[in-house]
Amino acid sequence: MAQKKIALACTVCGSRNYTIDANPNRTHRLEVKKFCKFCGTHTLHRETR
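Per chain, the residues get numbers from 1 upward, laid out in the order the sequence is written. Owing to the predicted nature of the model, reporting of local features is limited to residues with pLDDT of at least 70; listing and counting of side-chain atom pairs is limited to 80 or more, with chain, interface and lining totals taken over all residues. Hydrogens and water molecules were not included; the side-chain quantities draw on all heavy atoms of the structure.

(A) Region of interest: the environment of Cys-13. Along the polypeptide, Cys-13 turns up in the loop between β1 (5–10) and β2 (16–21). The classification of residues rests on relative accessible area computed with a 1.4 Å probe and restricted to protein chains. Under 20% of the type maximum is buried, over 50% is exposed, and intermediate values are partly exposed. With relative accessibility at 40%, the residue Cys-13 sits in the partly exposed group. Between two residues, a contact is recorded if the distance between any of their heavy atoms is within 4.5 Å. Dropping the residues within four chain positions of it, Cys-13 is found in contact with Cys-36, Phe-38 and Cys-39. A helix here means a DSSP run of H or I that spans at least four residues, while a strand means a run of E at least two residues long, and both kinds are numbered starting from the N terminus.

Shown next as structure tokens:
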């Protein structure tokens, strides 16, 4: 069975920069500080639907 992919979007500019495999056991949305190439800094990225 294929894993479901989810996107991580920058909270500052809104661009979807990263995709990850979804963990079905998580109950809340993932929030990670990652580098945004459009903003040029490390910003908070949140899981999108």
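(B) Fine view of the side chain of Glu-47. Within the secondary structure, Glu-47 is located in strand β4 (residues 41–47). Residues contacting Glu-47, with those up to four places away along its chain left out, are Ile-6, Ala-7, Leu-8, Arg-26, His-28, Arg-29 and Leu-30.

(C) Just the side chain of Ser-15, in detail. Here Ser-15 is to be found in the loop between β1 and β2. Aside from chain neighbours lying at most four places away, what touches Ser-15 is Leu-8, Ala-9, Cys-10, Cys-36 and Phe-38.

(D) Expanded view of the sheet that holds strand β3 (residues 31–36). By the convention used here, strands pair only if DSSP detects at least 2 bridges between them. Taking strand neighbours across the sheet as the criterion, the 4 strands line up as β2-β1-β4-β3 in an open arrangement whose pairing is antiparallel. Sheet topology places β2 and β3 at the edges, where each strand pairs with a single neighbour. Across this sheet, the average inter-strand angle for adjacent strands is 40°, counted without regard to direction. Here β1 runs beside β4; their pairing, made up of 3 bridges, is antiparallel. Counterpart to Leu-8 in the pairing with β4 is Glu-47. Each axis is a line fitted through C-alpha atoms, and for a helix only the stretch in contact is used; angles between axes span 0 to 180 degrees, taken between their N-to-C directions.

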